[in-house]
Every structure is written in C-alpha cells, then in structure tokens.
Amino acid sequence: MSSLRRCERFCDCSGIRFRKLSVISEAKLELLELKKVVHIRTDADASRISNLHYLLQLYAKTRSSMGGKACHAQTIRVGFEMDISTSNMLINMYSKCALVDYARRKFNEMPVKSLVSWSTMIGALTQNAEEQEALTLFIQMQREGTPFNEFTISSVLCACAFNCAILECMQLHAFSIKASIDSNCFVGTALLDIYAKCSSIKDAIRIFESMPEKSAVTWSSMVAGFVQNGFHEEALLLFHNAQLVGIEQDPFMISSAVSACAGQATLIEGKQVHSMSCKSGFGSNIYVASSLIDMYAKCGCISEAYLVFQGVEVRSIVLWNGMISGFARHARALEAMILFEKMQQRGFFPNDVTYVSVLNACSHMGLHEEGQKYFDLMVRQHNLSPGVLHYACMIDILGRAGLVHKAYDLIEGMPFDATISMWGSLLASCRIHDNIEFAEIAAKHLFELEPNNAGNHVLLANIYAANKKWEEVARARKLLRESELRKERGTSWIEIKNKIHSFTVGERNHPQIKRIYAKLDNLVEELKKLNYKVDINHDLHDVEESRKQMLLRHHSEKLAITFGLMCLPSDIPIRIMKNLRICGDCHNFMKIVSNYTSREIIVRDTNRFHHFKDGFCSCGDFW
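For every chain, the first residue of its written sequence is number 1, and the numbers climb from 1 along that sequence. In view of the model being predicted, local features appear only for residues whose pLDDT reaches at least 70, and side-chain atom pairs are presented and counted only at 80 or more, with totals across whole chains, interfaces and linings using the full set of residues. With hydrogens and water excluded, all non-hydrogen atoms of the structure serve as input to the side-chain values.

In this section: the packing of helix 25 (residues 420–433) against helix 27 (residues 454–466). For helices, the axis comes from a line fit to the C-alpha atoms of the stretch in contact; other axes are also lines fit to C-alpha atoms, and the angle between any two N-to-C directions lies between 0 and 180 degrees. Working definition: helices are DSSP H or I runs of at least four residues, strands are E runs of at least two. Numbering for both runs from the N terminus. Where helix 25 contacts helix 27, the two axes come as close as 9 Å, and the packing angle between them is 25°. When the interaxial angle is binned, helix 25 and helix 27 end up roughly parallel. Note that helix 25 runs across helix 27; the crossing there is left-handed. Along the contact surface, helix 25 presents Leu 427, Ala 428, Cys 430 and Arg 431, while helix 27 presents Asn 456, Leu 459, Asn 462, Ile 463 and Ala 466. Looking at side-chain class alone, the contact of helix 25 with helix 27 contains six nonpolar, two polar and one charged residues. Angles are sorted into four bins: roughly parallel if under 35 degrees, roughly antiparallel if over 145, roughly perpendicular if 65 to 115, and oblique for all others. By definition, turning the near helix anticlockwise from the far helix through less than a right angle yields a left-handed crossing, and turning it clockwise yields a right-handed one. Any pair of residues with heavy atoms lying within 4.5 Å of one another is described as a contacting pair. Note on residue categories: nonpolar means Ala, Val, Leu, Ile, Met, Phe, Trp, Tyr, Cys or Pro, charged means Asp, Glu, Lys or Arg, and polar means any other residue, Gly included.

Structure, rendered in structure tokens:
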C-alpha cells in the first residue's frame, strides 16, 4: 500500500474516531498518527512533502485547526518549515481556520517569499476582515519590488470593497490596466463588485460589458450590484439574460434575484424565482432562504415566509433575525417575541439586529412595557450598547404609547445627537396625542435638519388644526405657499398578471381610469349604506368640504384597491404597496371594503403592513 493511500485511509478512519474523543485526546491521536504517516515513506523527500501537503489541504478544507497545528509541528520536526510551497499551504490552512495571527507569523518567518506567498497572505487578511492590513501588505510588496498578478490584485480589490475605498480601487484599476490584466475574469469581477458597492454602478456596468469572458460569479456580482444600488428591474432583467445564455445559477445569484423581487414587491416573479431555486437544489440554502423570507414578508405573505423558515434545518442568526423582523413588520408581536425566546433556546445569542426587530414589534403594537424590558435586557444580559436604531425604536414606542415626555427625555439623555427619524417619530406621536408643546420642539429641529421637506410643515399644521389653533394653521399654510415646498406625492401600486400598475391621487393617465373612477363612485355609494363617511379631518387643503371629500375619495390606495377588485379573482387577497403612511380615512375605507366584499386586503405603507379582513385591521387601529 502506498504511503499516500495510507494517508487517505488514516484520514478517513480518523474522522470517525475524532468525534468520539475529547479535545485533548484528539490532538494527541492526530499527532501520533501523523508521525506514523510521515515515517511510512520512501527515502525521497518528495514523498514526505506530498504526504504533508495532502494533509494540509485536507485540514484547510475541513477547517481543522488542531490537525493543521499538528501537521505544522511535523514540518518543523522533519525540517520542512522553510520550504516555500509548504509555508504557503500553512498560511492558507491557518487562514481557512480563522487563525490569521498564526498565518502572519508564518509569513514573517519566511526568508524568501514568492508571489504566491504574498498573494496567499493578502488573501488571508482579506478573508478575515483585516482589510487595512491587506492594503498595507500590498504596498509593502510593491516597495520590495515583488511583481503582482491577477490573484494579488483581485484579493486587494476585495479588501477595498469592505471599506468602500473607491480611491484605492481606482488606483488598483490603473495598476491592472498597466499590467494588461484588467480584462482578466477575476480582476474584472472584483472591480465591478467594488464599484457597485461604492455606488459607482455606471463604472460597474462599463466593466461588465467590456469583459471578454464572464464567469457565473461575474454575472452574480453584477446582479447583486444592481440590487445594492436599487436597480431592481435591471437586476431581474440581467438574471433572465444569464438564464438565456446558459449561465449556471448559484445560490448568490438566486438570492440577489429574490432580493430584487422583494425590492419591487413583485410576488408573482418572486414565486417563480423561488421555484427555480427549488429545482436547482438551492431552496434551503441559507442565503437563498434568508432572501425568500424577506421577499415574502415584504410582499405581504408572512405565512409563506414562515414556511420557508421552517423548511431550513440548519439556521443562522441572519435567518432568525429575518423571520423576527418579518413578524414585526406584520404586527405579529407575539410571534416575534416567541421566536426571540426560541432562538436563544436553540443556542443563538441575540445581536443588535435582533433587538431592533423585536423592539419594532413592540412599537407596532404599543407594547411600551415590553419594549422597555427588551431595551434593558440587551444592555444588562447581552452586554450590547444601544445604537441609533435601538433608541429610535424606543422613542417611537414611548411616543406612540402617549408617553411623549418620556420619549423627549430619552432624546435628551442619548449619547449622540438625535436623527431626523427620531424627531419625525416624536412629531408623529404628537399628532396622535395632540401634544402641541413637544410638536413645536420636534418640528423646529426637523425644519433645521431637512428644510426642504414639506411633510413636516403639513404635520405640524395638522396638529394645530386638531387643536383649533387656526392662526397657527394659517401661518403654516402661508409658509408652505411662500417657500414653494412640495409634499411628496402619494403613490400606490398593485401587481396584476405580472405587471405593476401605479396610481397617484387624482390619477388621470391609467388606460382604464374612467372605469376605475366609475367603479369607485359606485363602491362609495354602497359603503355609505354601511355608515361609511369620508373623514375630512385627514385633508389639510384650504378648500371647501365637498372638495376635501373628493380629494380624499381619490387617494391613490382607493384607486388601487378598486382596480384590484375589478381585475383579481375573488378568492385571492388584494395586495397594495404605498410610498406614504396610510391616512385615517383610507384605513377606515379598507376595513369597510374588506367586510363588504369579503376580501382580504393587505396594504404596505412606509411603516408596516395592514391586513384588513372582515372589517378589522391587524394593527388594531394603532399605527
């Protein structure tokens, strides 16, 4: 039996035995067996090196640091510690085992470093999130006059991508052009990836289109780049083009395509990509599953999201966080909190993202006591320092619960300045609870932080109007007219037969708009028999009451729901997406329509999902 075959037999058998031994016994066994393997050899050094290299590759692949260290010890014992190829393999093995300090120590010991040595060490630093060290090492490599190749450049570019170091990326791009390796597949892919991550999507596209050869990773990186920059339609188009030219799909490309569907809230296409992932065998892949949970949650299908979650046997913290966030978005606070506990029972510790999600769940249901409990828990039990998002959640929780003064006190006691979203949350809470004092304080800060946002002026004017402060209302309206500020136009969209239909208030451009208005007018007349009355308190326009009623009647979500009733089968829910917070009148309208038509209506606004069914909303009229 050859010595290499004995190595293989030893490794195969040892894998079974290792699982039954303690850590200490494991290390001793590996060392003893390795000694036997190394000594069962011919007299040729080549055979010894071959055996050691085989084992180093095995331990790198299996991330076995103990085996790797034992192998390292044997290289020293038999005098191979300065062999360049063996040293490179040791650096790689330590890198794969996340022992970058050991890798760097081995690299520093080498008297003659090859190009592979430099490239391997730079790659090791990049893979272990030590990007600045990788860049520094590349500079040192240049100073010592060591030539570089496509693998070196691509590794350094990956380091730049982590920090979005666009200037360094451009310099490396110039390096690659001078060395005539810019058209190399590895280099081109790394370049377009970093340009996309640094929001230079046009440069990424230019590189992608100029590459003579593109790998599956290249296509995947470009699809991901489109998604990262909000070009969801372009991402899906490229994904379909990749299919047409026969590019093999990988989990990362499918995950990006699913994320593009989530960004557009295109449920039908999302389901199609889900089907593709299952056929490709990637349905339970952790990246794909995480994207699917997010997509279904954003498309209003929280039950489907949970089915995907349940179908993944080996879960990561990202998967748990995604599901908790999905429940929070759909006002399923109880399920979010139960999952929070289950996650810890399965051995996962909550992180910053977990607490943002569970605090959001409390916010959407007005659970201020539970919210305060989780806020305290993250500091006391899990030693996490609350960040901007955690404070923002608590301010929203306290404000929505009517504890506006406590929310303001929390802002005053924060270790950093309040953000726009915090003051906006406080102002919105003041609108709910008619608190003029803190509304004026919040509005003052918002006027300074975002002077071009007319919505803040409108909200303050609404608060004045609700408290019959007519002089202040008039002053707010005058300021709006004179400043030429414009409130963001409300838009709602609905997916019908794989096509998105958008509506704005007072829509005139849709090809079926006359039929839609006629159907809506008839529907309103029928709803009036059920005591529906337009609530004009939700319109601030300085016009007569009849005009206000007409403006509210033609809100974008009312047009979208009417079109959905016209086009969709009666046995499926109607899903509407909206770019602004749903107003009180439209919320009441949706409740009555759901009861009158016996249809489930799902509306996603900027804050959350509303599930209307049998005359009730999942938010319990708290939003």
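The strand order across the open sheet built from six strands is 2-1-3-4-5-6, with neighbouring strands paired in mixed fashion. Only two strands of the sheet have a single neighbouring strand rather than two, namely strand 2 (499–504) and strand 6 (616–617). Note: strand 5 (residues 609–613) against strand 6, two bridges, orientation antiparallel. In the sheet register, Phe 612 faces strand 6, and the bridge partner there is Cys 617. In short, DSSP must find at least two bridges between two strands for them to pair.

Take the layout of surface pockets next. Every definition here rests on a 1 Å grid over the protein atoms only: cavities are sets of points where a 1.4 Å probe fits but cannot get out, pockets are open sets enclosed by protein on both sides within 12 Å along at least five of seven lines, and lining residues have some atom within 4 Å of a point. Grid points are joined across faces, edges and corners, and a volume is the space filled by probe spheres set on the points. Space inside the second largest pocket adds up to approximately 960 Å³. Around the second largest pocket, the lining is made up of 36 residues, and of these Cys 158, Thr 189, Ala 190, Asp 193 and Val 217 lie nearest the centre. Residue assignment for the lining of the second largest pocket shows that the elements contributing at least two residues are helix 5 (84–96), helix 7 (115–127), helix 9 (150–163), helix 11 (185–197), helix 13 (216–228), helix 15 (251–264) and helix 17 (286–298). The element contributing the most residues to the lining of the second largest pocket is helix 7, with eight residues. Its residues assigned to classes, the lining of the second largest pocket shows 15 nonpolar, 19 polar and two charged.

Mapped onto the elements, Thr 354 comes out in helix 21 (residues 352–365). Note on exposure labels: buried denotes an accessible area under 20% of the residue type's maximum, exposed denotes more than 50%, and partly exposed covers the range between, all computed with a 1.4 Å probe on protein chains only. Relative accessible area serves as the criterion here: at 0%, Thr 354 is assigned to the buried category. N or O atoms within 3.5 Å of each other form a polar contact, as long as, within protein, one can give a hydrogen and the other can take it, and as long as residues adjacent in sequence are counted only when both atoms are side-chain atoms. Engagement of the side chain of Thr 354 in a polar contact is seen with the side chain of Asn 321, the distance being 2.6 Å. Within polar-contact distance, the side chain of Thr 354 engages the side chain of Asn 351 at 2.8 Å. Setting aside residues no more than four positions away along its own chain, Thr 354 makes contact with Ile 317, Asn 321, Ile 324, Phe 340 and Met 343.

Let us look at the packing of aromatic side chains. Planes of paired rings set the category: under 30 degrees apart is stacked, over 60 is edge-to-face and the rest tilted, where pairs are Phe, Tyr or Trp rings (Trp by its six-membered ring) whose centres lie within 6.5 Å. By the definition in use, this model includes 16 aromatic pairs. Taking the centre distance of 5.2 Å and the plane angle of 45° together, the rings of Phe 252 and Tyr 287 count as tilted. Of the two residues, Phe 252 is situated in helix 15 and Tyr 287 in helix 17; the sequence distance between them amounts to 35 residues. For Phe 252, a relative accessible area of 45% translates into the label partly exposed. Ring centres 5.6 Å apart and planes at 50° place the aromatic pair Tyr 306 and Phe 327 in the tilted group. Placement of the pair is Tyr 306 in helix 18 (residues 302–310) and Phe 327 in helix 19 (residues 317–329), with a sequence separation of 21 residues. On the basis of relative accessible area, Tyr 306 is assigned to the partly exposed category, the value being 25%. Residue classification places Phe 327 among the buried positions, given a relative accessible area of 5%. Grouped by ring-pair contacts, the aromatic residues Tyr 306, Phe 309, Trp 320, Phe 327 and Phe 348 constitute a single cluster.

The buried fraction of strand 3 (residues 574–578) amounts to five of the five residues, a majority that puts the element mostly inside the structure. Strand direction decides the pairing type here: strand 1 (residues 491–496) and strand 3, joined by two bridges, are antiparallel. If you follow Ser 492 over to strand 3, its bridge partner there is Lys 578. For strand 3 and strand 4 (residues 601–604), the ladder comprises four bridges, and the chain directions are parallel. Residue pairing for strand 4: Ile 574 is matched across the bridge by Ile 601. Looking down the strands as they point away from you, a crossover is right-handed if its path from the first strand over the helix to the second goes clockwise. As a crossover connection, the stretch from strand 3 through helix 32 (residues 584–597) into strand 4 is right-handed.

Caution applies to low-pLDDT parts of the model: their predicted coordinates are not meant to be read in detail. Along the chain, pLDDT gives the predictor's confidence residue by residue, from 0 to 100. In this model, the protein chain carries a mean pLDDT of 83, and residues with pLDDT of at least 70 account for 88%. Counting interchain partners and residues more than four positions distant, the pLDDT-below-50 stretch residues 1–43 has 53 contacts. Segment residues 540–545 is flagged for pLDDT under 50; beyond a separation of four residues in sequence, or across chains, it makes 11 contacts in the model.

Within the fold, Val 318 resides in helix 19. For Val 318, a relative accessible area of 48% puts it in the partly exposed group.

Take unusual backbone geometry next. Even without a glycine there, the phi angle at Asn 383 is positive, about 55°. For Asn 383, the position within the fold is in the loop between helix 22 (368–380) and helix 23 (388–400). On the basis of relative accessibility, which here comes to 65%, the residue Asn 383 falls in the exposed class. Phi angles above zero are rare outside glycine, and Asn 531 is one such case at about 70°. As for its position among the elements, Asn 531 is in the loop between helix 29 (513–528) and helix 30 (545–553).

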